[in-house]
Amino acid sequence: MSDLQQFRAETRQWLEENCPADMRDGKLSEDTSCWGGRKWEFTSEGQRLWLERMGARGWTVPTWPSEYGGGGLSKEEAAVLKQEMKAIGARKPHDNFGITMLGPALLKFGSEAQKKEHLPKVARGEIRWCQGYSEPNAGSDLASLRTKAEDAGDHYVVTGQKIWTSYADKADWIFCLVRTDSEAPKHKGISFVLFDMESEGVSTKPIKLISGSSPFCETFFDGVSVPKANLVYEENKGWDVAKYLLTHEREMIGSLFGGMSEGRSLGELAVKAIGTNPLGQLDDPLLRAKLIETEIDSLAFGALLQSVSDRAKGGESLGAVSSVLKYYGTELNKRRHELKMEIGGSDEMEMTDNNNDGQAARDWLRTKGNSIEGGTSEVQLQIIAKHILQMPNA
Amino acid sequence: MSDLQQFRAETRQWLEENCPADMRDGKLSEDTSCWGGRKWEFTSEGQRLWLERMGARGWTVPTWPSEYGGGGLSKEEAAVLKQEMKAIGARKPHDNFGITMLGPALLKFGSEAQKKEHLPKVARGEIRWCQGYSEPNAGSDLASLRTKAEDAGDHYVVTGQKIWTSYADKADWIFCLVRTDSEAPKHKGISFVLFDMESEGVSTKPIKLISGSSPFCETFFDGVSVPKANLVYEENKGWDVAKYLLTHEREMIGSLFGGMSEGRSLGELAVKAIGTNPLGQLDDPLLRAKLIETEIDSLAFGALLQSVSDRAKGGESLGAVSSVLKYYGTELNKRRHELKMEIGGSDEMEMTDNNNDGQAARDWLRTKGNSIEGGTSEVQLQIIAKHILQMPNA
Amino acid sequence: MPLVLTEDQEMLRESAAGFLKDEAPVSALRELRDSGSEDGFSRELWAKMAAMGWAGILVPEEYGGADFGMVGAGVVAEEMGKQLTATPYLSSAIMAATALNALGSQAQKEQHLTKIAAGEELFAIAHDERGKHSTLGVALKAERMGNGFRLNGAKTFVADGHVADQIIVSARTSGEPGEANGITLFLVDSGTDGLKIEKTAMVDSRNAARIDFNNAEVTADAVLGEIDLGADGLEKILNAGRAGLAAEMAGSAAQAFGMTLSYINERKQFGVAVGSFQTLQHRSAHLYTEIEICKALTLKALQSLDEGAEDAAKLVALAKAKATKVSLLAAQEGVQMHGGMGMTDEFDIGLYLKRAKVAGELLGDSSYHGNRLAEMLGY
Amino acid sequence: MPLVLTEDQEMLRESAAGFLKDEAPVSALRELRDSGSEDGFSRELWAKMAAMGWAGILVPEEYGGADFGMVGAGVVAEEMGKQLTATPYLSSAIMAATALNALGSQAQKEQHLTKIAAGEELFAIAHDERGKHSTLGVALKAERMGNGFRLNGAKTFVADGHVADQIIVSARTSGEPGEANGITLFLVDSGTDGLKIEKTAMVDSRNAARIDFNNAEVTADAVLGEIDLGADGLEKILNAGRAGLAAEMAGSAAQAFGMTLSYINERKQFGVAVGSFQTLQHRSAHLYTEIEICKALTLKALQSLDEGAEDAAKLVALAKAKATKVSLLAAQEGVQMHGGMGMTDEFDIGLYLKRAKVAGELLGDSSYHGNRLAEMLGY
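For clarity, every value in this text was computed on a predicted model and none was experimentally measured.

Q: So what exactly am I meant to see when it comes to the overall build of chain A here?
A: Helix and strand counts for chain A come out as twelve helices and eight strands. Relative to its length of 394 residues, chain A is compact, with a C-alpha radius of gyration of 23 Å against a globular reference of 21 Å. Considered along the principal axes of its C-alpha atoms, chain A spans approximately 80 × 60 × 45 Å. Within the span of chain A, comprising 394 residues, buried residues form 56% of the whole. Contacts spanning at least 24 positions in sequence make up 70% of the contacts within chain A whose residues lie at least 6 apart. Per element, the accessible surface of chain A, about 16,500 Å² overall, is 48% carbon and sulfur. Counting 48 positive and 58 negative side-chain charges, chain A places the centres of these two groups 2 Å from one another.

Q: Teacher, can you tell me more about the pairing of strand β7 (residues 209–218) of chain D here?
A: Each regular strand carries side chains that alternate between the two faces of the sheet. Residue and element names in this part refer to chain D. Where strand β3 (residues 148–158) lies against β7, seven bridges are found, and the strand directions are antiparallel. Bridge pairing in β7 places Ala154 opposite Asp212. The pairing of strand β6 (residues 195–199) with β7 spans five bridges and is classified as antiparallel. From the neighbouring strand, Leu195 faces β7, where its bridge partner is Phe213.

Q: Honestly, the packing of aromatic side chains in this entry has me stumped. Any pointers?
A: Here a ring pair, both rings aromatic, is described through the centre-centre distance and the interplanar angle of the planes. For the coordinates displayed, the defined rule picks out 35 aromatic pairs over all chains. Where Phe19 of chain C meets Trp54 of chain C, the ring centres are 5.3 Å apart and the plane angle is 80°; that geometry is what we call edge-to-face. Within this pair, whereas Phe19 of chain C is found in helix α1 (residues 7–23), its partner Trp54 of chain C is found in the loop between α3 (43–51) and α4 (69–83), the two being separated by 35 residues in sequence. Taking the relative accessible area as the measure of exposure, Phe19 of chain C reaches 13% and is therefore buried. Residue classification places Trp54 of chain C among the buried residues on the basis of a relative accessible area of 1%. The rings of Trp129, Tyr133, Trp173, Phe175 and Phe192 of chain A are connected pair by pair, giving a single aromatic cluster. Over the aromatic face of Trp59 of chain A sits the side chain of Arg57 of chain A, whose NZ or CZ is 4.3 Å from the ring centroid. Taking the ring centre of Tyr156 of chain A as reference, the NZ or CZ of Lys228 of chain A above it sits at 5.4 Å.

Q: In this structure, what is going on with the interface of chain D and chain A? I would like to understand it.
A: The accessible area lost on association of the parts is a frequent measure of interface size. Taken together, the contact pairs 38 residues of chain D with 37 residues of chain A. Counting the surface lost from both chain D and chain A, the interface buries some 3,200 Å², and carbon and sulfur atoms represent 66% of this. Three residues stand out in chain D for area buried against chain A, namely His282, Ile293 and Tyr379 of chain D, and they jointly supply 23% of the buried area on that side. At the boundary of chain D with chain A, the tally comes to two salt bridges. Across the pair Lys322 of chain D and Asp297 of chain A runs a salt bridge whose closest N-O atoms are separated by 2.5 Å. Summed over the shared surface of chain D and chain A, the result is 15 residue pairs in polar contact (both at pLDDT 80 or more). At the level of elements, α7 (231–266), α8 (278–307), α9 (312–338) and α11 (366–376) of chain D are the ones that each hand at least two residues to the side of chain D that touches chain A. Residue composition of the side of chain D that touches chain A, grouped by class: 20 nonpolar, twelve polar and six charged.

The rules behind these values
Residues numbered from 1 in each chain as written. Chains lettered and ligands numbered in written order. Predicted model: local features only at pLDDT ≥ 70, side-chain atom pairs only at ≥ 80, totals over all residues. Heavy atoms only, no water. Helix = DSSP H or I, 4+ residues; strand = E, 2+ residues; numbered from the N terminus. Rg over C-alpha atoms; globule rule 2.2 N^0.38 Å. Buried < 20%, exposed > 50% of the residue type's maximum accessible area, 1.4 Å probe, protein only. Contact = heavy atoms within 4.5 Å. Areas by Shrake-Rupley, 256 points an atom, 1.4 Å probe, with all protein chains shown as cover. Lys, Arg positive; Asp, Glu negative; His and termini not counted. Charge placed at Lys NZ, Arg CZ, Asp CG, Glu CD. Pairing = 2+ DSSP bridges. Phe/Tyr/Trp six-rings, centres within 6.5 Å; stacked < 30°, edge-to-face > 60°. Lys NZ or Arg CZ within 6 Å of the ring centre and 35° of its normal. Buried area = accessible area lost by both parts, 1.4 Å probe. Salt bridge = Lys/Arg side-chain N within 4 Å of Asp/Glu carboxyl O. Polar contact = N/O pair within 3.5 Å; in protein donor to acceptor, adjacent residues only side chain to side chain. Nonpolar A, V, L, I, M, F, W, Y, C, P; charged D, E, K, R; others polar.

So, to be careful, I would describe these as geometric facts and stop short of saying anything about function.
Now the structure itself:
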């Protein structure tokens, strides 16, 4: 038996023994996730146990080095773990911006002390992180940020305002872009700092979205004291960290839509809702045409995702290709949800109890943000034109 | 009987007596037109007679004043004439850039002498005109033209090169934009002049298009002498004349597509070529969907054309609305021809005798120029954004 | 007829625009939504509109109406669309008035038209029975019972259903769903025994209801038009609604575009106005063109109804199909061009998106009318 | 299998790219066109390609082929697409080889595969009978006559029909057009009595022919595969062709885009490079994305054929549908972005437009494959 086979056998057994029954329902949505942190209220004892057990092994972050609380697994082992979890319908034990965003940043740019300090807490779900990038009136022009961090000897004094901070009202710590040099041109003079959301001078205000939910906040900093030890990488070089993470984020968002081509096709949904004509075709030829056009693009996009992923596995560096995925994936997702609404018709437009409180409509509305957050579609196209196609500046 | 009724009766009778039999086949295409001029070879005695008789009454240009060879008709009378001609399937007796372009320019900007000199010849089809606007490497940037007219006392000496001159090789005279002040900023310093294509120093070279035909030429001027009497309007103010004509041209091109919504629908063509399924629907549901989407847009655009035309009749000045018509009409026409090709499939792609030498394919290719000539679609959109929507400059 | 408004119609537009801007701006819809208004519209405001002649905009003068025709009705609908005004206008003033004008007996007209014009009686058209609209897909059963009928079945997506005093119900007295023959229209008092009316909150915060009919009994007087032969009348009612709705949507599209344009022309990014970016300029110019087309087409459809033109049904289908697409495009582009702000409930553009989707579905979406058009055109 | 080329396939691509750029650039197609070449391709060039192993790219090694599989065949097709190279590659090397591999008797294989690999025998697939492609729409009649068959009917849009030595003909031995059962494939010598082969100049200047069958008699040996049961084999042949063509079109699209990009980046207007206009940048970026998707999808379809994957037919339909749309979009955008120059025969972009339209139609356009896909997906 190869090492990997043995690992698989052991993993399977461990999961069988340790994954609580109610964590095996295969649910992977944002709503059913465990986000962890100081304020987290577990939805069940099973959810608590599952985080505790997986966190203890570092399997919440399987490929992080074990000295930082990670699982220390190889890519192949991590893939096996994922497969075995999927096989029993295990939920992810833990979702956290600390896992998806801060971790990669610290692993690449953080000091040894910072890694030791922050990563294990992320792994065990003790600290929930949020991201402080966007500012009012900046929008896609991230680098024009105005939140300033003034040098006060051993610490900075941070003053300013962020917007679109995901769940800032529920997070414990923030990783944040601040301006440390107001003279320097836009991209220079920015630093990447970490601080506790319970620091004096921090306040948050949830933003109500068109979908009715409030996953984002406005976040205000009024003279927040941030120890210099919490500066990641070098002063005025925060843009490098941010850029690295942005690319990372775009790939993530893009590949989120990779799952699109799986599961029930739009056509199946439509046949169920609308029925077929005597020729066996969906009984609305124009809707059928729209569906198949979109399904063609979805399935075709799936091939690109696979190709990019396989090239990445082959060691190819992707760079601006993440913008290709982000752009197309989010636009496609918007089209798919428009069509889902059309399939359901007025039934899906009701916001009533017997309609799951209009979840389909809320999802539809939510997709409109996909092509705005993490860099608008327009910004992605600009990146492709500039960095891949090398088209001339205006 | 009202005056208009009497006019109708008389017109009907005159047409009945004077329109030759072979000019009553209802053909209105570019190919069957009589373009007139010194080099014109009539395709039949009927064509010759028809031009002669209509020209003598000024009914080739019914609304021009009779002192300039026009018919001197009111708008209402001209409409009656058109209806009566249509009723017997009469061809237009005469097509000429002199009618559509030069005439309006001279009527608005020309001196009395110029009108007396040139307009009657246009009316009688004695002189065929061409338009010298575009230059190589200028494209949509018309005003960057470099053909220069140097002042030589009582005449200019014109040197330079034009491109996209319609049928320059068959025309007798040209109306032409030239630069009379090379110091002035682009739009200033341009003049509008007329000259004989038989002048020394003029040569033409047809451009072969992707459709295989050569309706355009490159035209070269090598020290052509142009009397100053042939300057229209004022020196260095030619751009005003050109702008007026461009708007005029765009409306014309846009309304060319007004006829689209009439005649056989794409759907009818498709049913004939492809047949229907047992439900009576076109036996290609996806093609059917594309057809109806395009027909909806065509018919809807027809309403806008009518609305613009009715507003114009009410005395409203249209201005940049011509760009709206030009943009949408030409883009729509491209879509329609793509679909016509799809309906016919490979049959339409043959360039053989039994396929009218591939006329459908040639027409399809020709439409690609619609959204380029007379100002590209991109230029029209820019005009709409700037002049109608008043969006800020970059 | 020239495709322009007459002077009277132009005056009507101006007075409607002014009134709605003052009395029923978008903030009024927000208030209805956020206060959890049970009615879903303001009765006080509706009384004012009735006083201005809008409730009776299609009611003949002999019944106290303004008799402004469909073009006039569309002009007001378009202005309401701009402000997303929530009123029973489409159901009562347009569709019910059309129904009674076209099909009502002398008694029915006398009983209801005056009240409609006065804004005193509210109507709803209960027609759809599932999530997708269908003109002939009527299944709700009406069985003869003595001198009257007994209704059994369920209706959905009934605009203003839960506030209506009277409900016009399409029912099947013979034949099968999908067949024209066998459809009968009934005028049913909403207090009739056997009706269960449930308000359904829609994503656009406008009124709709599901209505169950459980052995609801009506007399023969309740029949509107002729028994079994209701399809033509039904089509008339629906077409008036579709054209009015297209006008509303054209108005919403124009307004959504206008507010987007103002936003991008003012908002700065990378040091310049966002509206100076060429891509947004071209997309705006395209959208403007589509909206102009939509407005012209809608007017043509309204005119054709007033003229009783032969191609009226075709033009109405065209107008509803086009308005559905254009208003959605305007709202989608609006949200995207607003950027993150477009995703917040604080900005109005999201409300236009929601209304575009619901209004698009109401009385048939672009696929539905596209399919019908292809059929009318013989393919 | 990872969705990337293997090292061997990568090498094949490089050698193909280099060879074609030198020996068969776009100007070669122009020359064939302008000289009025009767063959429509260069036999000398084809011999060179055969020597490089391309004619036998799908032929097993025992018959002298390179046996490179569909991925390899697609790699070469993609490079040919870039240069618009006119060769009998699709008909002979891809479709005919696939036919003989899958259906040929030992005798048929021995007789033809070696010659195909050597580039000595040219094939054509005579299948379509009207302007629109249809897999099962076979009407051409094959009646039993003694030990053989008599063929009557007409084929159209037969690529390389007038230069082919052998013609694979789909015929109906029973059943009705549209039915799978009753289709039989025949291998017919082009010199057979009763064949009338007429070259049809196509708008893309590539080879095609109409072929009339007037009592053309063939022996039972001419049957390729089984009588009446030819539909599956036919589908295989067509799918190989469709995937190969999709690869060709992906190449054409990439090249058309590349030359457009170079043009707009160099050409100046209003004092700046046209390629600096934001609208053109965004449209270019979108087009680039579509082309990348098209390339990935095509490779996936080719791989699935090599693997005999269950979803191969679906992936091929997808790839042909997508490639048809993307290559047309690339050519349309190309012409528009070239401005007036794009309309002249002097520039190459127009040739890509013509090829995109014809290749899009060949073996089924995007509507055809879209309809098939919807059926495969159960709606």
